[in-house]
Amino acid sequence: MDVRYIRNFILLGVCGIAVFTETIEAAGKSISIDRDSHQIQGKQTFKKTFTAKANPTEFALLFEQNMKKQSSGGYWNVKLNEKNLGRLEAHLTQTGEDKTHDGFHRIGMTIPPNVLKEGENILTVTGRGQPAVLRNIQLEPRTLKQALQLKTVAVKVNTAAGQPMPARITVVNELGQLVKLYDVRTAMNAVRPGILYTLGVGDTFALPPGKYTLYATRGMEWGVGKQSIVVDGRQSQSHTLVISREVDTKGFLACDSHIHTLPGSGHGNATYEERMITIAGEGIEIAIATDHNHISDYSKYQRASGTNAHFHSISGDEVTTHNGHFTAFPLDPSQAVPGGVKGRNPLFLKSEDWTKLIADMRKKGAEVVILNHPYWPTIAKGPFGRFRFTRSTGGRVEGPEFSFNGLEVAQPANETPDFFYALEDWMSLLNRGLRLTAVGATDSHTVNDPVGQARTYLKGRTDNVADIDSKDVYRAFLEGRAVASSGIFANLSIAEQYGMGDLVPAAAVTDGTMIKVRLRVAAPSWIRPRDAMIYVNGKRVAQKTIKSKIDQPTDQRLEFKIEVPAHDAHVVAFVLGDGITLPGWTTYGKATQAITNPIYLDVDGDKKYRSPRETARRLIAKYREPGVKLTSNQQKKLLDTEAVKADSAVLLHVKDLLKEDSQ
């Protein structure tokens, strides 16, 4: 080759390197876009114009963010020159986190090559989301990995036998705060700040230097895998978290009968694909799809995600009105929803007539109908408040008959003054003669809120998900063979052979004048049950302290002796425990609980059960002739009889019926 060509080639190369170096040097300094704090809320968004060089390679946008509430159905989108860089996501406050911290988190986003322009550039934050504050926004002429010194952390979740297990991984920093997970790589997961749902086979994410704690959980039947790590920016690391089953629920299946998705309900933040992973990761075995006025079908998403082996799904609907919400199932996704049309419906149906709506639910195939969160949005504005529910007698001043099958008693959306409020109202309805199954359900709309944190354990004929028959699910709900649970499992029995939903011949189980009632209480090592109580016709008749130990699973069988009631009665157990402060699984209401459905006592031996109100009617009928009202003296004598005074619930309903009779 001619020497002149070689010389020109070298000169051209040198010039090219000089030009490239000049570009890097010109762009090599961080640019402070805005140091001030800016609040974003409602229609108030953010827009900033700044000058920069073009970016031939990946750059990074860094800022500090304070956003404590998760968005539902909409997000704040961060855009640079109309290129979407990502969205703002909440770092939900944890119970145990350091409260002296100002709440800001350093966030980074990747700026792909050639997004920046020579000269004027525009950064915007637009959309719709929860209030957020941004500050210290800067441009870094390095990759995001370099700017934040990110290092890869690989995590697997296994059982003690080495089998991969679906789980929820929670990551907090040394202040106890949920942290953003970068560059998450796995085929199947659901990710939010500090939270990663996994099928357990191996996931990777990146973190900036710091001290962190990893937690692996799988709902309330499993222990916690915990690992403290230090990311120092020098090397990647790999961890296997081991979780073990700590609560034996053989003979029962964990069901969440109230689950939402963003595409099905129009709000929340869980996609169908993410919802499959979250259900599997929380150990739910029966999942009821209950989007608002929309019938979702999980089956194709289960097949795609490989989660068929982990849970059995049923299509249902949360029939949503301004006058109350109902879970109804099963329903056909190809048909119109109860009270509406096929496909997309408004969030609230126009119809508020319970009688017609429930009739339409049943006409369209619903076997089970449950009244959801009766105290939402408040006690006064919820359906009980609107119908002026009488807590003592279970009556209503106005409103339709309660023709549904169940009532959400353990539910995060129930805002009540104490832990006994919903329990007492439900038992008042039982005393009135309604057969309503106590239900536990989450109403989860997001990835963040754990599915199954409140759940219903259904008595079943199999423990194998593949063998679950939907008809057995309906039967368990309808017959009350179930436990409403939030963190604690309980099982009530009499004479070994009789359980929840059964009618017990009192004479056959009487030990002199007493009946032995057995209660099994079980909880994982990170939950502490405290007290177990037995109620007969809504009255507490026995109580025992549970000797749970810190960091040890609880599995105790308690025995109670109760007096044989004077009349037919229902027996219920209530277990109350500490709230959970475990990161990522903090309980609502600051308590854990279990509520067993009733065992019915046939005291008079007629092979039937009569509620206190039915018993009250029979006692009144003995004292009067048909169609003739009792005189004041007759009423006084009736109220003074041993048959009436022997049961406070019967006495209450005799008084209530006499009051009605005199009006």
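The rules behind the values
- Residues numbered from 1 in each chain as written.
- Predicted model: local features only at pLDDT ≥ 70, side-chain atom pairs only at ≥ 80, totals over all residues.
- Heavy atoms only, no water.
- Salt bridge = Lys/Arg side-chain N within 4 Å of Asp/Glu carboxyl O.
- Helix = DSSP H or I, 4+ residues; strand = E, 2+ residues; numbered from the N terminus.
- Buried < 20%, exposed > 50% of the residue type's maximum accessible area, 1.4 Å probe, protein only.
- Phe/Tyr/Trp six-rings, centres within 6.5 Å; stacked < 30°, edge-to-face > 60°.
- Lys NZ or Arg CZ within 6 Å of the ring centre and 35° of its normal.

### Description of the pattern of salt bridges
Within this structure, the stated rule accounts for 33 salt bridges. For Asp102, the salt bridge goes to Arg135, with nearest N and O atoms at 2.8 Å. Note that Asp102 is positioned in the loop between β6 (83-87) and β7 (105-111) and Arg135 in strand β9 (residues 132-140), a separation of 33 residues in sequence. By relative accessible area, which is 43% here, Asp102 ends up partly exposed. One salt bridge in this structure joins Arg613 and Glu660, with 3.1 Å as the shortest N-O distance. Residue Arg613 is found in helix α10 (residues 612-623), and its partner Glu660 is found in helix α13 (residues 648-662); the two are separated by 47 residues along the sequence. You can call Arg613 buried: its relative accessible area is 2%. A single network of salt bridges, built from pairs that share partners, joins Asp604, Asp606, Arg610 and Arg618.

### Section: the packing of aromatic side chains
With the rule as written, the count across this model stands at 18 aromatic pairs. Summarising the aromatic geometry, the rings of Phe326 and Phe404 are spaced 6.0 Å apart at their centres and angled 55° between planes, so their arrangement reads as tilted. You can see Phe326 sitting in strand β23 (residues 324-329) and its partner Phe404 sitting in the loop between α7 (383-386) and β25 (406-410), a full 78 residues away along the chain. As far as burial versus exposure is concerned, Phe326 and Phe404 are alike and both buried. A centroid spacing of 5.4 Å and a plane angle of 75° characterise the contact between Tyr375 and Tyr421, whose relative ring orientation is edge-to-face. Linking Tyr375 in the loop between β24 (368-371) and α7 with Tyr421 in helix α8 (residues 421-432), this pair joins segments that are 46 residues apart in sequence. As far as burial versus exposure is concerned, Tyr375 and Tyr421 are alike and both buried. Ring pairing ties together the aromatic residues Phe326, Trp354, Tyr375, Phe384, Phe387, Phe389, Phe402, Phe404 and Tyr421, which thus form one cluster. Sitting over the face of the ring of Phe402, Arg396 holds its NZ or CZ atom 3.9 Å from the ring centroid. We note Lys544 situated over the ring of Phe560; from NZ or CZ to the ring centre the distance is 5.2 Å.

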